[in-house]
Amino acid sequence: MSHHIVEVKGLKHVYADSTVALDDLSFTIHHGESVAIIGANGAGKSTLLLHLNGYLAPTVGEVRIGGFPLTQATLPEIRRTVGMVFQDPDDQLFMPTVYEDVAFGPCNLGLPEEEVRQRVNEALGKVGARHLAQKPPYHLSGGEKKRVAIATVLSMSPDILVMDEPTNGLDPFSRRQLIRLLKDFQHTRIFTSHDLDMVIELCERTIVLHQGEVKADGPTVEIFNNEQLLAECRLEKPLSMQGCPICGASSKRL
Amino acid sequence: MRSIDGTVLDLKRLDLLATGDSIIHRLDARAKVVTTLFFIIMVVSYNRYALAELTPFLFFPVITLALSNLPISYILKKIATILPLALFVGLFNPLFDREIQVILGPVAISGGWISLVSIMGRSALTVGSAIILIATTGFISVCHALNRLGMPRVFTIQLLFLYRYIFVLTEEAARTTRARELRACGKKGLGFSSFGPLIGHLLIRTWARAERIHMAMVVRGFSGEFHSRQINRFGCNEYLYVIGWSLVFIILRTEDVTGILGAAFTGLFS
């Protein structure tokens, strides 16, 4: 299905204060791919994500989702297609209860009540949060909030999942739980993250951004073995690929 | 002064009480809202020297409190926190209004003292009933009930957002003030001059958050219309509750129940 393709061509974005955040970015992400977008702070990752669902408009260039260009007319369909999970779940959970929050998207799609209920149940089931349905968001823990935030997007049955720093601020157990959950998804997945160990586990392809440009784009393992490239982009090998800090034994080479 | 953290925890506790289960909890929120409003109007409608007439109105909060299994000491404490405010409102009444109204043996009581006590009594009754309403219904259900009773949708949404983000924002404010206090080392820090930038930062952060929330709403198809689930179950119990209490309030307001009871009581012994 062509629905799941993300094409970015010659994308440039200049903010109102004339900061060039993105400069001549081009890449294509295919159906079912799991791609990480990594880079130092201020490399342009968040700005790029906001272009993928039309929240920001390109200054120059074009973004196409599923073969359609992003225009005012295609916007509602594209926003349904691209499910976006924000870095801070508190920004995403704004309704009084978890149930109502997960139902927010389907209700806006104008679905009948029975279908809304079914979708909410399914989405909460997928992230293992059905027991939280009647709770208000401020009574949830960080890990629970994150999973519920993912459910709010899943209930719109998106084809493409975009997540900004999914493992940020989670304890090791919640992080592991989330990685396992994301591994099982069949969607086209795009992540930004500083958690490079998560990137190795989840993404076969990695795009490295540096000062608003694509510095590298290729298989994750290849990129993480290129130490010179990583150093230039203010990055570091993931811990799981570095030697043991205590005995010095080298890790398994991927 | 209480810390911001403490206040938030307290709000959360009030919210958790509403998840309890009792006859009062199970009633439709609209019934409770209408009855409480009617109660407040009745209590406020008395003249300023009313004191004895107000006493039977204690029945309403006492009975609902007893039926709803709420922790009584917690509710009393909540009521006690607002009484100083009521005291300030009536503080000067005894000074200005020195006309003697009641003589109890050797003690003559002026109208000012009576109206001061009346103000405090009325505050305790009205605020108490409002706290019991929130503790048995929950703020969110009260908002939805007000909406279905005809409050404009815009206000409901504003209130719901306010309630959702009051926790996030107060936590943010608490973190910032804590950071300031720790670096002030128990002294005044830079005093009031450091509060300007602090509040400015909070405002900007709130602004940025509002934008992110709006973004989260827009990407999930928000187009200005809020859809919420409508649960209608205004049944027999609700009608009984509203009509029953309203009748009681009207009788208390129009008949001198205290006088009749008093006369019956003294008649018993004479």
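All values reported here derive from a predicted model rather than from experimental measurement. (Residues numbered from 1 in each chain as written. Chains lettered and ligands numbered in written order. Predicted model: local features only at pLDDT ≥ 70, side-chain atom pairs only at ≥ 80, totals over all residues. Heavy atoms only, no water.)

1. Re the overall build of chain B
Check the secondary structure of chain B and you find twelve helices and two strands. For chain B, whose C-alpha radius of gyration is 24 Å, the value lies well above the compact-globule estimate of 18 Å for 270 residues. The buried share of chain B, taken over its 270 residues, is 38%. Considering only residue pairs separated by 6 or more positions, chain B has 75% of its internal contacts joining residues 24 or more positions apart. Approximately 16000 Å² of chain B is accessible, and the part contributed by carbon and sulfur atoms is 71%. Charged side chains in chain B number 27 positive and 16 negative. The centres of these two groups are separated by 10 Å. (Helix = DSSP H or I, 4+ residues; strand = E, 2+ residues; numbered from the N terminus. Rg over C-alpha atoms; globule rule 2.2 N^0.38 Å. Buried < 20%, exposed > 50% of the residue type's maximum accessible area, 1.4 Å probe, protein only. Contact = heavy atoms within 4.5 Å. Areas by Shrake-Rupley, 256 points an atom, 1.4 Å probe, with all protein chains shown as cover. Lys, Arg positive; Asp, Glu negative; His and termini not counted. Charge placed at Lys NZ, Arg CZ, Asp CG, Glu CD.)

2. Quick notes on the overall build of chain A
Tallying secondary structure elements over chain A gives ten helices and ten strands in all. Taken over the C-alpha trace, chain A has a radius of gyration of 19 Å; the compact-globule value for 254 residues is 18 Å, and the two agree within 12%. Along the first, second and third principal axes, the C-alpha atoms of chain A reach 55 × 50 × 35 Å. Residues counted as buried form 56% of the 254 residues belonging to chain A. Of the contacts made within chain A by residues no fewer than 6 positions apart, 62% connect residues no fewer than 24 positions apart.

3. Digging into the sheet that holds strand β3 (residues 34-38) of chain A
Residue and element names in this part refer to chain A. Ordered in space as β6-β7-β8-β3-β9-β10, the six strands form an open sheet in which the pairing is mixed. If you trace the sheet from one side to the other, it starts and ends with β6 (82-85) and β10 (213-219), each paired once. Across the sheet, the mean angle from the axis of one strand to that of its neighbour is 15°, orientation sign disregarded. As defined by bridge partners, strand β7 (residues 160-164) adjoins strand β8 (residues 188-192) across five bridges and the pair is classed as parallel. Looking at the pairing, Met163 lines up with Phe191 of β8. Each of β6 and β7 is contacted by helix α6 (residues 142-154), which is oriented at about 165° to β6, the strand it contacts most. (Pairing = 2+ DSSP bridges. Axes fitted to C-alpha atoms, helices over the stretch in contact; angles between N-to-C directions.)

4. Some remarks on the side chain of A:Asn53
Tracing the sequence through the fold places A:Asn53 in the loop between α1 (45-52) and β4 (60-65). Beyond its immediate stretch of four places on either side in the chain, A:Asn53 contacts A:Leu70, A:Leu75, A:Arg79, A:Val82, A:Met84 and B:Val219.

5. Quick notes on the environment of A:Thr188
Residues and elements named next belong to chain A. Inspection of the secondary structure puts Thr188 in strand β8. Separated by 157 residues in sequence, Thr188 and His31 place their C-alpha atoms 5.6 Å apart. In this structure Thr188 touches His4, Ile29, His30, His31, Gly32, Glu33, Asp159, Ile160 and Leu161, once residues within four positions along its chain are discounted. Here the side chain of Thr188 touches His4 through a polar contact of 3.3 Å, landing on its backbone oxygen. (Polar contact = N/O pair within 3.5 Å; in protein donor to acceptor, adjacent residues only side chain to side chain.)

6. Digging into the domain arrangement of chain B
You'll often see interface size given as the accessible area lost when the parts meet. All names here are of chain B. For chain B, the domain assignment lists domain 1 (1-151) and domain 2 (152-223). In this structure, domain 1 and domain 2 have C-alpha centres spaced 30 Å apart. With 13 residues of domain 1 in contact, the opposing surface of domain 2 contributes 15 residues. Both faces considered, domain 1 and domain 2 share a buried interface measuring about 1300 Å² in area, 73% of it formed by carbon and sulfur atoms. Here domain 1 and domain 2 share zero salt bridges between them. Where domain 1 meets domain 2, there are three residue pairs in polar contact (both at pLDDT 80 or more). Every element with two or more residues in the side of domain 1 that touches domain 2 is listed here: α1 (4-17) and α8 (139-148). Counting residues per element, the side of domain 1 that touches domain 2 draws most heavily on α1, which supplies six residues. Its residues assigned to classes, the side of domain 1 that touches domain 2 shows seven nonpolar, three polar and three charged. (Domains from an automatic or database assignment. Buried area = accessible area lost by both parts, 1.4 Å probe. Salt bridge = Lys/Arg side-chain N within 4 Å of Asp/Glu carboxyl O. Nonpolar A, V, L, I, M, F, W, Y, C, P; charged D, E, K, R; others polar.)

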